[in-house]
Amino acid sequence: MELILLFLAAILSGFVLMSVELVSFLSFLGPIFDIVGSLAMIIFSLALLFTALKKLFNR
């Protein structure tokens, strides 16, 4: 159960990274945060799906 909550928190942090408003001198980091946030959401969503499928088929 703790692992599932950790994956959900990681997906949520990916959403937060994509919606961060940066101050003017850090605005060049915006695309990097978008890429990292997108990758975090994709990777941890797939991990969450894999965990759910594994529990569903009792492996």
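Our subject is the structure listed above.
Quick caveat, the model's predicted, so the values are computed rather than measured.

Draft legend 1. Representation of the packing of aromatic side chains in the model. Applying the stated criterion to the full structure yields one aromatic pair. Aromatic pair F7 and F44: ring centres 6.0 Å apart, planes at 40°, arrangement tilted. Taken together, the residues F7 in helix 1 (residues 2-18) and F44 in helix 2 (residues 30-56) connect sequence positions 37 residues apart. The buried category is assigned to F7, whose relative accessible area is 11%.

Draft legend 2. The arrangement of helix 1 in detail. With 17 residues, helix 1 should reach 24 Å at 1.5 Å per residue; the first-to-last C-alpha distance of 25 Å fits that figure. What helix 1 keeps buried is the set F7, A10, I11 and G14. Along the axis of helix 1, the buried positions cluster into a sector of 95°, meaning they face one direction only. Helix 1 presents E2, L6 and L12 as exposed residues on the side facing more than 90 degrees away from its buried surface. Its buried side turned inward, helix 1 meets helix 2.

Draft legend 3. Quick look at helix 2. Taking 1.5 Å of rise per residue, 27 residues should cover 39 Å, and helix 2 covers 39 Å from first to last C-alpha, within 8% of that figure. Those residues of helix 2 not exposed but buried are G30, G37, A40, M41, L48 and T51. Of the surrounding secondary structure, the elements contacted by the buried residues of helix 2 are helix 1. Downstream of helix 2 by a residue or two, N58 has a phi angle that is positive, lying close to 50°.

Reading the values: rules and limits
Sequence positions are assigned chain by chain, starting from 1 and proceeding in written order. Only residues with pLDDT of at least 70 get local features here, since the model is predicted, and only at 80 or more are side-chain atom pairs given and counted; chain-wide, interface and lining totals rely on the full set of residues. Hydrogens and waters are ignored; side-chain quantities use all the structure's heavy atoms. Here the aromatic set is Phe, Tyr and Trp, taking the six-membered ring for Trp, and pairing holds for ring centres within 6.5 Å; pairs whose planes are under 30 degrees apart are stacked, those over 60 apart are edge-to-face, and all others are tilted. The secondary structure listing takes helices from DSSP runs of H or I that are at least 4 residues long and strands from runs of E that are at least 2 residues long, numbered from the N terminus. Relative accessibility decides the category of a residue: with a 1.4 Å probe and only protein chains considered, values under 20% of the type maximum give buried, values over 50% give exposed, and everything between is partly exposed. Multiplying 1.5 Å by the residue count of a helix minus one yields the expected span of that helix. The directions considered for the arc run from the helix axis to the C-beta atoms. The criterion used for residue contact is that any of the two residues' heavy atoms lie within 4.5 Å.

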